[in-house]
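Listed below are the residues making up each chain.
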Amino acid sequence: MPLKVELEPWSSPEPETPPEFSPPPLSQLDTVLAQRRRFIEQRGGRPALVDLLLAEHRAQGAPAASLRNVERLAREDCFAIVTGQQPGLLTGPLYTPWKILSAILLARRLERERPETFVPVFWNAGEDHDTAEMDHFHWLDREGRLVRFQLDLPSPGEPDSPPISFGGRPAKSLDIEGLLAFWDAMLFETEFSTPLKASMFEAWQSADTLGEFCNQLLWRLFPDSGLVIVTSSYRSYPRLVSDLLRAEIEEPLRSNALINEAGEQLRARDFRPRMHRPGGRCSFFLYEGQARLPLQFDEGKFVAPGKTYAPGALLARLEERPADFSAAANLRPVLQDALLPTAVNILGPGELAYHLQLKSLYALHQVPQPVAVQRLSLTLLPPRVSRGLEKLGLAAADLQRPPAQLSSRVASRQALPRLEPLCEELKAQIRHTLGLLRHDAASLDKALEAGVIGQEKQLLAQVEKLQKRLAAQLRRRDSHTQQTVARLQAALRPDGQPQERVLNLFYFLNLFGPALLPALAERLKDGDLPGGWLVRLNYGR
């Protein structure tokens, strides 16, 4: 049966931003494309970029549609719709595939509306060495409880554990057999389980690194989309933007000063800045072997843990070995947009807030800032959750309430307010009626009074027993209701957070199969970005 997708508006945080700090909106795309076209022509980097991407995509066995899109990037009228994220385990939380889906849909829409061609590009930010953001994923187990799978990796800062880029770690860092066993233990077996696990295993076998494992999964999830992937952990791209890195070495504190200055200006307008760069911290890292070292600039020298470098030495090293240099988070968007023919950046709400402080950094490096568009925000509602909500008389929006408040609300709806008063009234009637009978019995025969008293005690005990049984059943029902509410909230608000920030896509693929992403793309193809949607899923004719 076909997968049925129904959409309802759902909250999607769109931060209010002062226009003088905001990246250009989609309504200014004509102006941005003209600026970007001139910039790209002046740099003349398209052929080298395409050569690199083709070599990497062919080596990884990328789909034919992706190879065709890499070749299209050589054309002057071809632009990129770019999004990016660290290569989280099994693609990480849902917002990563939602970003990619947003880029694919916008590229298709712009191609329908405009004469230029547009290619979806994913920046695999595997250079990041913050393993805690990437080394795990969350599913819901068969009981609807949140469960976590985590790689067994040493954390940066531990003894004998230098800060190593996550995407460059060997794919064998993942115990694939352990992952498959976790799947079998936690998820229901469905018609999709076996082919999904086989595809995952093939992706792992095809990858040398964890970054490549993420790429292989994404190409299997979006096989005909033409998705182009820039794998930053390959370290092949810095030589194409070495002029920007050279400027950072020559003025190592300038970028931070501009970012912090923008932050103070935002604060003066009652906006909370999302970035503050510590004094002396450089906007790039240096590789020593596999270790990705942060740099400080102090008293005319660059300082890394246990090492110092003269500016001239770093400039010479950049000339000889540009792959030793890696952009920090604040500089990465600028280097990305100097490297790629970016027309639009697809960003999450938090990233949009970061970009409020980057306009002066783009200007410093004379890189025209692309359009910024907020990604889709999707919350998936499986049939089991829909049925649970209906049974309790709740709407999906109710699950955003605090757990204690929601449980109390449901319990108050289901309570039996007459139980205790009725039982007490019945006991009072027994006492009153049997009291009258006892008086009359005593007037007839004193021996009869004791019998009436015994009957009164038995009746009161039976009512008391009935009252306790009803109360116990009510407590059991309340406990079951609390467990049900907890499971429903885990599905839509796991750990009190939006679903897309916690749960992993493969949990839902196991329920709905490979039709899920194409069905979402078809249903959302005519929608505008950004958009926040509650997605009701079911199989129906």
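Each remark here, short or long, concerns the structure printed above.
Within every chain, residues take consecutive numbers counted from 1 along the sequence as written. Under the rules for a predicted model, residues below a pLDDT of 70 receive no local features and side-chain atom pairs below 80 are neither given nor counted, while totals for whole chains, interfaces and linings still include all residues. With hydrogens and water stripped out, all remaining heavy atoms of the structure feed into the side-chain values.

## Let's talk about the overall build of the protein chain
Part 1 of the reasoning: Secondary structure is summarised from DSSP: a helix means a run of H or I of at least four residues, a strand means a run of E of at least two, and numbering begins at the N terminus for each. Along its length, the protein chain carries 19 helices and 15 strands.
Part 2 of the reasoning: This radius of gyration counts C-alpha atoms alone. The globule rule is 2.2 Å times how many residues there are, raised to the power 0.38. A compact globule built from 541 residues should have a C-alpha radius of gyration of about 24 Å, whereas the protein chain, at 31 Å, is more than 25% larger.
Part 3 of the reasoning: Once the C-alpha set of the protein chain is aligned to its principal axes, its extents read approximately 120 × 60 × 45 Å.
Part 4 of the reasoning: When accessible area is computed with a 1.4 Å probe and restricted to protein chains, residues below 20% of their type maximum are described as buried, those above 50% as exposed, and intermediate ones as partly exposed. Here the protein chain, with 541 residues, has 53% of them falling under the buried criterion.
Part 5 of the reasoning: Accessible surface, the protein chain: about 25,200 Å² in total, of which carbon and sulfur atoms supply 52%.
Part 6 of the reasoning: The distance from the centre of the 65 positive side-chain charges to the centre of the 65 negative ones in the protein chain is 5 Å. Surface accessibility in these figures is a Shrake-Rupley result with a 1.4 Å probe; residues are shielded only by whichever protein chains are displayed. Positive residues here are Lys and Arg, negative ones are Asp and Glu, while His and the chain termini are left out of the count. Positions of charges follow a simple convention, taking NZ of Lys, CZ of Arg, CG of Asp or CD of Glu.

## A look at the side chain of glutamine 499
Part 1 of the reasoning: Among the structural elements, glutamine 499 can be located in the loop between α17 (446-492) and α18 (505-512).
Part 2 of the reasoning: Assessed through its relative accessible area of 1%, glutamine 499 is described here as buried.
Part 3 of the reasoning: Apart from residues no more than four positions distant in its own chain, glutamine 499 is found in contact with Leu94, Leu378, Thr379, Leu380, Ala491, Leu492, Pro494 and Phe508. Throughout, a residue-residue contact means that at least one pair of heavy atoms, one from each residue, lies within 4.5 Å.

## Focus on the packing of helix α6 (residues 193-206) against helix α7 (residues 210-221)
Part 1 of the reasoning: Packing of α6 against α7 leaves a shortest axis separation of 8 Å and a crossing angle of 140 degrees. By the angle between their directions, the pair α6 and α7 is classed as oblique. The chirality of how α6 crosses α7 is right-handed. Only Glu212, Phe213, Gln216, Leu217 and Arg220 of α7 make contact with α6, whose side of the interface consists of Ser199, Met200, Glu202, Ala203, Trp204 and Ser206. For helices, the fitted line uses only the C-alpha atoms of the stretch in contact; every axis is such a line through C-alpha atoms, and the angle between N-to-C directions lies from 0 to 180 degrees. Roughly parallel refers to an angle under 35 degrees, roughly antiparallel to one over 145, roughly perpendicular to one between 65 and 115, and oblique to any angle outside these ranges. Note on convention: the crossing is left-handed when the near helix lies turned anticlockwise from the far helix by less than a right angle, right-handed when the turn is clockwise.

## Examining helix α10 (residues 311-320)
Part 1 of the reasoning: Listed as buried for α10 are Leu314, Arg317 and Leu318. One side of α10 carries all its buried residues, which in axial view fall inside an arc of 105 degrees. Opposite the buried face of α10, at more than 90 degrees from it, the exposed residues are Glu319 and Glu320. As used here, the arc belongs to the directions running from the helix axis to the C-beta atoms.

## Observations concerning the nonpolar core
Part 1 of the reasoning: Throughout, nonpolar core names a set of buried Ala, Val, Leu, Ile, Met, Phe, Trp, Tyr and Cys residues whose side chains join them through atoms within 4.5 Å. In terms of nonpolar packing, the biggest core is built from 146 residues, with Ile81, Leu101, Trp139, Leu174, Phe506, Leu516 and Leu520 touching the most fellow members.
Part 2 of the reasoning: Within the second largest apolar cluster, six residues are counted, among which are Ile430, Leu434, Val452 and Leu460.

## Structural notes on the sheet that holds strand β1 (residues 3-9)
Part 1 of the reasoning: Two strands are counted as paired when DSSP detects at least two bridges linking them. With respect to topology, three strands assemble into an open sheet ordered β1-β15-β14, the strand pairing being mixed. Because the sheet does not close on itself, it has two edges, and the strands there are β1 and β14 (376-381). When the angles between neighbouring strand axes are averaged without regard to direction, this sheet yields 30 degrees.
Part 2 of the reasoning: Two strands pair when backbone bridges link them, and β1 and strand β15 (residues 531-539) are joined in this way by seven bridges, in the antiparallel orientation. What sits directly across from glutamate 6, in β15, is arginine 536.
Part 3 of the reasoning: The sheet contacts of helix α14 (residues 383-392) involve β14 and β15, and relative to β14 the element is tilted by about 70 degrees.
Part 4 of the reasoning: Together, β1, β14 and β15 form the strand contacts of helix α19 (residues 516-524), whose direction differs from that of β1 by roughly 50 degrees.

## Examining the pairing of strand β7 (residues 281-288)
Part 1 of the reasoning: Burial analysis of β7 places six of its eight residues in the buried class, which makes it a mostly covered element.
Part 2 of the reasoning: Sheet topology note: the β7/strand β8 (residues 291-298) ladder contains five bridges and is antiparallel. Bridging across to β8, arginine 281 finds its partner in glutamine 296.
Part 3 of the reasoning: Linking β7 to β8, which pair antiparallel, is a turn of two residues; within it glycine 289 sits at a positive phi near 65 degrees.
Part 4 of the reasoning: Here three bridges tie β7 to strand β11 (residues 325-327), and the two strands are oriented antiparallel to one another. The residue bridging leucine 286 from the neighbouring strand is phenylalanine 325, located in β11.

## Structural notes on the sheet that holds strand β3 (residues 117-124)
Part 1 of the reasoning: Read from one edge of the open sheet, five strands run β6-β3-β2-β12-β13, paired in parallel fashion. What marks the edges here is a single partner per strand, and that holds for β6 (228-231) and β13 (371-374). With direction set aside, neighbouring strand axes in the sheet form an average angle of 30 degrees.
Part 2 of the reasoning: Both strand β12 (residues 342-347) and β13 contribute to a ladder of four bridges, which runs parallel. Residue pairing in the sheet places asparagine 345 in a bridge with alanine 372 of β13.
Part 3 of the reasoning: Along the sheet, helix α4 (residues 95-113) makes contact with β2 (78-85), β3, β12 and β13, crossing β2 at roughly 170 degrees.

## Notes on the pattern of salt bridges
Part 1 of the reasoning: Salt bridges are defined as contacts in which a side-chain nitrogen from Lys or Arg sits within 4 Å of a carboxyl oxygen from Asp or Glu. Scanning the model with the defined rule gives 26 salt bridges in all.
Part 2 of the reasoning: Between glutamate 500 and arginine 375 there is a salt bridge, and its shortest N-O distance comes to 3.1 Å. Of this pair, glutamate 500 sits in the loop between α17 and α18 while arginine 375 is found in the loop between β13 and β14, placing the two residues 125 residues apart along the sequence.
Part 3 of the reasoning: A single network of salt bridges, built from pairs that share partners, joins Arg235, Glu288, Arg317, Arg321 and Asp324.

## Quick look at unusual backbone geometry
Part 1 of the reasoning: The backbone of arginine 235 sits at a positive phi, close to 60 degrees, despite the residue not being glycine.
Part 2 of the reasoning: Relative to the elements of secondary structure, arginine 235 occurs in the loop between β6 and α8 (242-250).

## As for empty space enclosed by the protein
Part 1 of the reasoning: Think of a 1 Å grid over the protein atoms and nothing else: a 1.4 Å probe that fits but is trapped marks a cavity, an open set flanked by protein within 12 Å on at least five of seven lines marks a pocket, and residues with an atom within 4 Å of a point count as lining. Grid points are joined across faces, edges and corners, and a volume is the space filled by probe spheres set on the points. The full count for this structure, using the stated rule, is five cavities of 30 Å³ or more.
Part 2 of the reasoning: Within this model, the largest cavity holds a volume of roughly 80 Å³.
Part 3 of the reasoning: Sorting elements by how many residues they give to the lining of the largest cavity places α4 first, with three residues.
Part 4 of the reasoning: Classifying every residue of the lining of the largest cavity gives five nonpolar, one polar and three charged. Basically, the charged four are Asp, Glu, Lys and Arg, the nonpolar ten are Ala, Val, Leu, Ile, Met, Phe, Trp, Tyr, Cys and Pro, and anything else, Gly included, counts as polar.

## So, the layout of surface pockets
Part 1 of the reasoning: Empty space within the second largest pocket amounts to approximately 640 Å³.
Part 2 of the reasoning: Surrounding the second largest pocket, 30 residues form its lining, Arg384, Val385, Arg387, Arg487 and Leu488 being those nearest its centre.
Part 3 of the reasoning: Put simply, the parts of the chain that give the lining of the second largest pocket at least two residues each are α14, α17, α18 and β15.

## Description of the pairing of β15
Part 1 of the reasoning: As paired strands, β14 and β15 are joined by six bridges and run parallel to one another. Paired with leucine 378 across the bridge in β15 is tryptophan 533.

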